[in-house]
Amino acid sequence: MLKGKSALVTGSTSGIGLGIARALAAQGCNVMLNGLGDPLQIEKNRISLENEFGIAARYHGADMSCPEEITSLLEATATVFGGVDVLVNSAGIQHTAPVETFPPERWDTIIAINLSSSFHTIHGVVPYMRSKQWGRIINIASVHGLVASVNKAAYVSAKHGLVGLTKVVGLETAGSGITCNAICPGWTRTELIEPQIIARAKALGVEIEEGGRNLLAEKQPSQQFVSIEQLGQLAVFLCSTAAEQITGTALPIDGGWTAQ
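Residues numbered from 1 in each chain as written. Predicted model: local features only at pLDDT ≥ 70, side-chain atom pairs only at ≥ 80, totals over all residues. Heavy atoms only, no water.

K.L.:
Honestly, the overall build of the chain in this entry has me stumped. Any pointers?
P.N.:
Per the secondary structure count, the chain includes 8 helices and 7 strands. Its C-alpha atoms give the chain a radius of gyration of 18 Å, within 12% of the compact-globule value 18 Å for 260 residues. Relative to its full complement of 260 residues, the chain shows a buried share of 50%. Sequence separation of at least 24 residues holds for 70% of the intrachain contacts in the chain that already meet a minimum separation of 6. Per element, the accessible surface of the chain, about 11,700 Å² overall, is 55% carbon and sulfur. Across the chain, the centroid of the 18 positively charged side chains sits 5 Å from that of the 22 negatively charged ones. (Helix = DSSP H or I, 4+ residues; strand = E, 2+ residues; numbered from the N terminus. Rg over C-alpha atoms; globule rule 2.2 N^0.38 Å. Buried < 20%, exposed > 50% of the residue type's maximum accessible area, 1.4 Å probe, protein only. Contact = heavy atoms within 4.5 Å. Areas by Shrake-Rupley, 256 points an atom, 1.4 Å probe, with all protein chains shown as cover. Lys, Arg positive; Asp, Glu negative; His and termini not counted. Charge placed at Lys NZ, Arg CZ, Asp CG, Glu CD.)

Structure (structure tokens):
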């Protein structure tokens, strides 16, 4: 479906971002990976995408909190692939603490990576997409872009902002062949969530798996984690012709969390 097109997926060296990169590659899309991690593992993932799906995969280690490095990432992607047809903003970090003890420097970093980086990437790719009269922008928000939880002031603020940005870009590009949507996952078993599961298990004095079940029971009626593969397939759907008139939306995939 996406053969000959190119995707930039930020935060794609692990977790949700890597899962979406794999799903796009399976549709024939060339992929620029981005994120932190062990260089050997990143290279292994890059080569695996190329060998498994017969596409071109590259990697750029831009720090998504730095606008100058984001510019370098966009320029590198344009040089290799000629532009960006699909942009997936998946880079994100987390920190939990009550607002009165929340470290200001952590607030600044979370806002920069979880929200501002998406503005900078969108700002850079929309002109190319307009020239092609086709483009897909997918922002990985969260149920926390729709509802709040305690001890997550920066994360919830950033994700609410990302949903707002999605709506504005969806309106500004409506009818142009470009769509912009946000995917809002509930609890998904990734490296970002694992510390919260461990902390919950420790607080309850139970095993980690029981801590995970307790976390689900509090918010997610399905009592099941969202899978990375499900998120990848939703991203693929948003790139399809069936989704041409879906834009400016925030799509929960949360086991019923936000239905309550």
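Back to the text.
K.L.:
Please explain the packing of aromatic side chains as it appears in this structure.
P.N.:
The relation between two aromatic rings is expressed through the spacing of the ring centres and the mutual angle of the planes. In total, this model carries 1 aromatic pair according to the counting rule given. Centre to centre, the rings of Trp187 and Trp257 are 5.3 Å apart; their planes meet at 40°, and the pair counts as tilted. On the criterion of sequence distance, the pair formed by Trp187 in the loop between β6 (178-185) and α6 (194-204) and Trp257 in the segment after β7 (250-253) is long-range, its members being 70 residues apart. Take Trp257: its relative accessible area is 6%, and that puts it in the buried class. Positioned above the aromatic ring of Trp134 is the side chain of Lys5, whose terminal nitrogen or guanidinium carbon lies 4.2 Å from the ring centre. (Phe/Tyr/Trp six-rings, centres within 6.5 Å; stacked < 30°, edge-to-face > 60°. Lys NZ or Arg CZ within 6 Å of the ring centre and 35° of its normal.)

K.L.:
Help me understand the pairing of strand β3 (residues 57-60), please; the structure alone is not making it clear to me.
P.N.:
Both faces of the sheet carry side chains from a regular strand, because those side chains alternate between them. Bridge count between strand β2 (residues 30-34) and β3: 4 bridges; the pairing is parallel. When the sheet's bridge partners are listed, Leu33 is paired in β3 with Tyr59. With helix α2 (residues 39-53) bridging β2 and the parallel β3, this β-α-β connection has right-handed handedness. (Pairing = 2+ DSSP bridges. Right-handed = clockwise from strand over helix to strand, strands pointing away.)

K.L.:
So what exactly am I meant to see when it comes to helix α7 (residues 208-219) here?
P.N.:
Each full turn of the α-helix corresponds to 3.6 residues, which orients residues three or four apart in the same direction. The first and last C-alpha atoms of α7 sit 17 Å apart over 12 residues, in line with the 16 Å expected at 1.5 Å per residue. Restricting attention to buried positions, one finds in α7 the residues Gly211, Gly212, Leu215, Leu216 and Lys219. End-on, the buried residues of α7 take up no more than an arc of 140°, which puts them together on one face. Residues of α7 that are buried sit in contact with α6. (Expected span 1.5 Å × (residues − 1). Arc of directions from axis to C-beta.)

K.L.:
Looking at this structure, how should I read the state of the cysteines?
P.N.:
The bond known as a disulfide is covalent and runs between the sulfur atoms of two cysteines. Under the defined criterion, the tally for this structure stands at 0 disulfides. We note that Cys180 lacks a disulfide partner, and the nearest cysteine sulfur, in Cys184, lies 12 Å from it. (Disulfide = S-S within 2.5 Å.)

K.L.:
What am I meant to see in the sheet that holds β7 here?
P.N.:
Adjacent strands of a sheet pair through backbone hydrogen bonds, lying either parallel or antiparallel. The sheet built from 7 strands is open, its strands ordered β3-β2-β1-β4-β5-β6-β7 with parallel pairing. Because the sheet does not close on itself, it has two edges, and the strands there are β3 and β7. Direction aside, neighbouring strands of the sheet carry axes that sit 20° apart on average. Sheet strands touched by helix α1 (residues 15-26): β1 (6-9), β2, β4 (86-89) and β5 (135-140). Its angle to β1, the strand with the most contacts, is close to 175°. (Axes fitted to C-alpha atoms, helices over the stretch in contact; angles between N-to-C directions.)

K.L.:
Any chance you could explain the packing of α1 against helix α8 (residues 228-238) here in plain terms?
P.N.:
Packed helices, taken two at a time, are described by the angle their axes make and the gap between the axes. Taken N-terminus to C-terminus, the directions of α1 and α8 make an angle of 50°; their axes are 8 Å apart at the nearest point. Overall, the two elements α1 and α8 adopt an arrangement that is oblique. Once α1 is placed against α8, the crossing between them reads as right-handed. Within the contact between the two elements, α1 uses Gly15, Ile16, Gly19, Ile20, Ala23 and Leu24 and α8 uses Ile228, Leu231, Gly232, Gln233, Ala235 and Val236. Residue classes in the contact of α1 with α8 are distributed as 8 nonpolar, 4 polar and no charged. (Parallel < 35°, antiparallel > 145°, perpendicular 65-115°, else oblique. Left-handed = near helix turned anticlockwise from the far one by under 90°. Nonpolar A, V, L, I, M, F, W, Y, C, P; charged D, E, K, R; others polar.)

K.L.:
Before we go on, may I ask you to explain the pairing of β1 in this structure?
P.N.:
Alternating residues of β1 divide into Ser6 and Leu8 and Ala7 and Val9, and every residue in both groups is buried. With 4 bridges joining them, β1 and β2 adopt parallel strand pairing. Directly across from Leu8, in β2, lies its bridge partner Met32. Handedness of the β1-α1-β2 crossover: right-handed.

K.L.:
Please clarify how the environment of Leu162 should be interpreted in this entry.
P.N.:
For Leu162, the location among the structural elements is in helix α5 (residues 153-172). Residues Leu162 and Gly145 lie 17 residues apart in sequence; the distance between their C-alpha atoms is 7.2 Å. Discounting chain neighbours no more than four positions away, the residues touching Leu162 are Asn114, Leu115, Ser118, Asn139, Ile140 and Ala141.

K.L.:
What should I look at first to understand the pattern of salt bridges in this one?
P.N.:
A side chain with one charge can pair with a side chain of the opposite charge if their charged atoms come near. In total, this model carries 8 salt bridges according to the counting rule given. Glu50 serves as the salt-bridge partner of Arg58, at 2.9 Å between the closest nitrogen and oxygen. Using a relative accessible area of 21% as the deciding quantity, one classes Glu50 as partly exposed. For Glu209, the salt bridge goes to Arg189, with nearest N and O atoms at 3.1 Å. (Salt bridge = Lys/Arg side-chain N within 4 Å of Asp/Glu carboxyl O.)

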